[in-house]
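# Survey of secondary and tertiary structure
Listed here are the chains, written in short residue letters.
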Amino acid sequence: MRKYYDDISRIAGNVVTVKAGGVGYDDLAVLTSDRGESLAQVIRLEGRQVSLQVFAGTQGVANNDRVRFLHKPMQVPFSDALLGRVFDGSGRPRDGRGPVEATPVDLGSPAVNPVKRRMPDKMVQTGIPMIDIFNSLVESQKLPIFSVAGEPYNELLARVGLQANADIIILGGMGLRHDDYLKFRDTFEQGGVLGRAIMFIHTAADPVVECLLVPDLCLAVGEQFALQGKTVLVLLTDMTAFSDALKEIAIVMEQIPSNRGYPGDLYTQLARRYEKAVDFDGAGSMTVLACVTMPGDDVTHPVPDNTGYITEGQFYLRNGRIEPFGSLSRLKQQVNGKTRDDHRSIMDACIQLYALCRESREKRDMGFEMSDWDKKLLAYGALFEEKIMDLSVNIPLFEALDRCWAILAECFDPAETGIRRATIEKHWPKPLS
Amino acid sequence: MTGKIVAVHGNLVIAETDTRVVQNSVGYCVRQDGVRLLSEVVRVRGRLADLQVFEETRGLRVGDTVEFRSEMLSVVLGPGLLGQIYDGLQNPLPKLAEQVGFFLQPGTYIHGLLPDKKWTFTPEIGVGAKVERGDVLGSVPEGIFKHQIMVPFGWQGSFTVERVAAAGDYTIEDEIAVLKDEAGQSRSVKMQQDWPVKLPLNVSRRRLMPTEALTTRVRIIDSMFPIVRGGTYCIPGPFGAGKTVLQQITSRHAEIDIVIVAACGERAGEVVETLREFPQLIDPRTGRSLMERTIIICNTSAMPVAAREASVYTAATLAEYYRQMGLDVLLLADSTSRWAQAMRELSGRLEEIPGEEAFPAYLESRIAAFYERAGAIELRNGKVGTLTIGGTVSPAGGNFEEPVTQGTLKVVGAFHGLSRARSDARRYPAIDPLDSWSKYAGIIESSKVSRVRSMLARGNEVRQMMTVVGEEGTSTEDFTVALKADFFDNCYLQQNAYDEVDGATPAERQKFVFDKILEVLDLDFGFEDKSTARQTMVRGSDLFRNWNYAASDSDEYRQLLERIDRFIATKGREE
Ligand SMILES: Nc1ncnc2c1ncn2[C@@H]1O[C@H](COP(=O)(O)OP(=O)(O)O)[C@@H](O)[C@H]1O
Ligand SMILES: [Mg+2]
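Looking now at the overall build of chain A. Counting its secondary structure elements, chain A contains 12 helices and 23 strands. Taken along the three principal axes of its C-alpha coordinates, chain A extends 90 × 45 × 40 Å. For chain A, the residues scored as buried account for 61% of the 433 residues in total. In chain A, 71% of the contacts between residues at least 6 apart in sequence involve partners at least 24 apart. Accessible area for chain A stands at about 15,800 Å²; split by element, carbon and sulfur atoms hold 47% of it.

Written out as structure tokens, the structure is:
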């Protein structure tokens, strides 16, 4: 017998409170209103008052609408039949095909035991020197692209996604513009990976809180494939939309905000998702790349700030380039010691010199005289931007390293680079005095 | 002693009960499927008890049973702690993995020590002796240490030894002594004992002023902003500035007996690095694997939040336990902000009146109490044990004017502030040499340190001025000061953590290099123009940097030193 509850005592924001008993915390429910059915999740139990976050929103919900509890947490069916399919933020097909019939897995499984993780050590070659040389991407890394509206962050995400050579690609769209969704589709199709891609797409037109499940859906599915030994790549865009949906719920639940309206557990909420990135000891791996748009281009905004503390680095995309400052791959040292002996020296020297170049530019812009040293730095900066930083550059790592040496030799004396003597002697492309 | 759940909100459960409930005691929330979730009573109001649950509360229902216990949240102490990898509640993670596989499982708890392992006990006390809590009854070898078996710390009063086990092999559950209390009651002592994590463990004659330098082999710390055994320090810094790397290299190179790594609410991957690498790394001081002197407590960010709050206390308790044996212990907590956030999450659910940034009003006193657990103590047998605590702080937005950083700065003895500008420019370790401070004395004479500090400050002033008047508006003399400051920064303060030699500089070498550098800084070069000044200092930097990379006692080291001496003797004209 199906049991319904229809004594709704409160409807506010996207939260509905209904009188019911025997309900488990975090359990799933279905709310039926004139607008149809929506999934909802238990977020608070107080005596017989059960508060539910309603994924399709509460517009049009009446105080005698019916709630049915499913007595299980949110789940997603898992099988190879997911490949090539497109779903919405609640996991329903959005490609006009029927639902996938398979054994369901729970969303939001417990954390991986740290001793069952491997040390990540496989570099992902992207052909982008700003990544490969300076902030190498590593399989199983969790890494966001920090950017602002108008920058080609989704293109970059898709490009890296294709280069990564993963067995399975999972795209999670949150608040995604429909055009952007189509662009991802086209890119995957042209790249010939559509058959091993799965998409969970919440568009800007869908109810806001429905995007809350998207990361969990992607990660639960990805985790299962990784447990089967696959290399999985999860692309999430835009995690700021996800965080804003969290904020909305928190405010309705009258939680005391900690910072600009965001709940105090924003860090924990984000970490629980990003930490799903894993290289299993004895199974596959899951890499997570995300987009985080920074409101007001402000990296101290709670969303990029908390993200930066959680993820294993970040790529700043600004003016169509990956910024060398602020961009970071925390896992780079796991791989860049094993590529070529000069990799680390080039990485450090080029950035330190580029930092000095920026100082010289500031001086120049303030109208100061340029010393010979300043002039060298300016020349270096221009070459470096054109031949290395530009996003259209697409060359393998070793070629990029050689190119850096050529630029250094064109602009500086060996000692000025700060690179240790032994490395200079081996790689300096010009005769040494 | 049971109650019934009446509310669930995140990891907070409210239970109604008629029985006796002890504040901060342990409770278990029993799920419908019988799984028992460890919890702690955090507030009692009339017949309502609020509990924070150390697991995800998924599936708990109103009406479910809560079992109340009388004991407080405790850890087990005894031989076998070293080399372990625990979660925040002292569950050994490798064993947990054997039992339940890839994922952690709510409600699965495992004894923190090996109940079956035999330890070779040597009695060190005779029948009839008078003893008090903390006094040594005997010892067992644990790796490189003599692990002392002590009278349980919770036993008040004095006791007479009635019986001691003969030398031989025993498990932690075997009786190794019987003590008679003042009332004539006999009590049995085992090698293991429990201690409530939130109570400081300190059985000593008195606290001592910590003065002995603790060498970390990080030059900027040991030479400029030193820490001492029994002292406290903090490392605040924005994300990616190098807090964790700094703690990792400290955990490797610090000249200390025991290191407790508390990974609190940060990435699991970082713990994996430590736990995969340490067993392979040999501690040059002992010739044994680094893991033998290390305990890892890890409650990473994806693990339940309440256990994160407990994990730093678990770590502190284990550290204090080894201090009771007269050892020098270093506790590294990364990050104390995550611990503070866990307090904030709970406080919010308890609907307490929030303070700044929604942190609870008692934040500062909790931080102070935590660092207060550090210290050098003189034990009853005259030995000295120390506990040094270093915590990272992760301020929101990288802004140090926030409650956790400010609360921490009030109580610690040294401040290693990481700067975004330095980490962006790859000047590692990114400790800001102008803002950081230490109240302790280190390996370099303080007069020398202050000379260098004022030179760095002047160099910075000149740089600031140059942004207004330009290089052309700066005298060659001032310009040289700025160059010297850069030189010191490049050749001494910066250190390549990933280089075999440069990554760790022993105290003796630090003193020697520091003096050499001072010779350069003291030189009156009398440069004719700025371009000569710059070129000369570039050459000097190059020499010193290569010297840093050269292994002590290598030919390269000696050759570079000769060239450096010539550089100094000729005021940079020759090398
Ligand atoms: N001392 C150092 N030497 C070289 N690189 C460093 C050093 N400290 C930090 N880094 C670089 O910065 C990255 C971030 O450091 P980390 O300690 O993880 O930052 P935080 O803990 O402050 O967020 C590291 O992955 C490494 O690439
Ligand atoms: Mg860190």
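All names here are of chain A. Here strand β1 (residues 4-5) pairs with strand β7 (residues 66-69) via two bridges, running antiparallel. Among the inter-strand pairings, Tyr5 is bridged to a residue of β7, identified as Val67. Where strand β4 (residues 28-33) meets β7, four bridges bridge the pair, whose relative direction is antiparallel. Looking at the pairing, Val30 lines up with Arg68 of β7.

This next bit is on the side chain of B:Thr232. Here B:Thr232 is to be found in strand β21 (residues 232-236). Not counting chain neighbours up to four residues away, the residues in contact with B:Thr232 comprise B:Tyr371, B:Ala374, B:Ile389, B:Val411, B:Val412, B:Gly413, B:Ala414 and B:Tyr440.

Residue and element names in this part refer to chain B. Tracing the chain through its elements places Gly157 in the loop between β12 (145-150) and β13 (158-164). Between the C-alpha atom of Gly157 and that of Ala457, which follows or precedes it by 300 residues, the distance is 57 Å. In contact with Gly157, not counting residues within four places along its chain, are Val131, Glu132 and Glu182.

In this section: the pattern of salt bridges. In this structure the tally under the stated criterion is 76 salt bridges over all chains. Where B:Arg373 meets B:Glu320, a salt bridge forms, and the shortest distance between an N and an O atom there is 2.9 Å. With B:Arg373 in the loop between α7 (363-371) and β27 (375-378) and B:Glu320 in helix α5 (residues 305-323), this residue pair connects regions lying 53 residues apart in the sequence. Take B:Arg373: its relative accessible area is 4%, and that puts it in the buried class. Given the relative accessible area of 0%, B:Glu320 is considered buried. One continuous salt-bridge network, built from bridges that share partners, spans A:Glu155, A:Arg177, A:Asp179, A:Asp180 and A:Lys183.

Turning our attention to the domain arrangement of chain A. Taken domain by domain, chain A consists of domain 1 (4-73), domain 2 (79-335) and domain 3 (343-427). The gap between the C-alpha centroids of domain 1 of chain A and domain 3 of chain A is 60 Å.

Moving on: the site of ligand 1. Among the 15 residues in the neighbourhood of ligand 1, the closest are listed as A:Arg330, B:Gly240, B:Lys243, B:Thr244 and B:Val245. A distance of 2.7 Å separates an oxygen atom of ligand 1 from a polar backbone atom of B:Gly240. B:Val245 has a polar backbone atom sitting 2.7 Å from an oxygen atom of ligand 1. In isolation ligand 1 has 560 Å² of accessible area, and contact with the protein removes 95% of it. Of all the secondary-structure elements, those providing two or more residues to the shell around ligand 1 are α8 (332-335) of chain A together with α3 (243-253) of chain B.

Rules used in this analysis
Starting afresh in each chain, residues are numbered from 1 along the sequence in its written order. As they are written, the chains are lettered A onward and the ligands numbered 1 onward, keeping that order. Local features are withheld for residues below a pLDDT of 70 in this predicted model, meaning they are given only at 70 or higher, and side-chain atom pairs are given and counted only at 80 or more; totals for whole chains, interfaces and linings count all residues. No hydrogens and no water enter the side-chain calculation; it runs on all heavy atoms of the structure. The secondary structure listing takes helices from DSSP runs of H or I that are at least 4 residues long and strands from runs of E that are at least 2 residues long, numbered from the N terminus. The buried label goes to any residue with under 20% of its type's maximum accessible area, the exposed label to any with over 50%, and the partly exposed label to all in between, with areas taken from a 1.4 Å probe on protein chains only. In what follows, a contact means two residues having at least one pair of non-hydrogen atoms within 4.5 Å. Per-residue and other accessible areas follow the Shrake-Rupley method at a 1.4 Å probe size, with only the shown protein chains counted as cover for residues. Strand pairing is assigned whenever DSSP identifies at least 2 bridges connecting the two strands. One speaks of a salt bridge when a side-chain nitrogen belonging to Lys or Arg is within 4 Å of a carboxyl oxygen belonging to Asp or Glu. Reported domain spans reflect what an automatic or database domain assignment gives. Distances are taken per atom, and a residue is near a molecule or strand as soon as one of its heavy atoms is within 4 Å of it. Between N or O atoms, a polar contact is any pair within 3.5 Å; within protein, one atom must be a potential hydrogen donor and the other a potential acceptor, and residues adjacent in sequence are included only when both atoms are from side chains.

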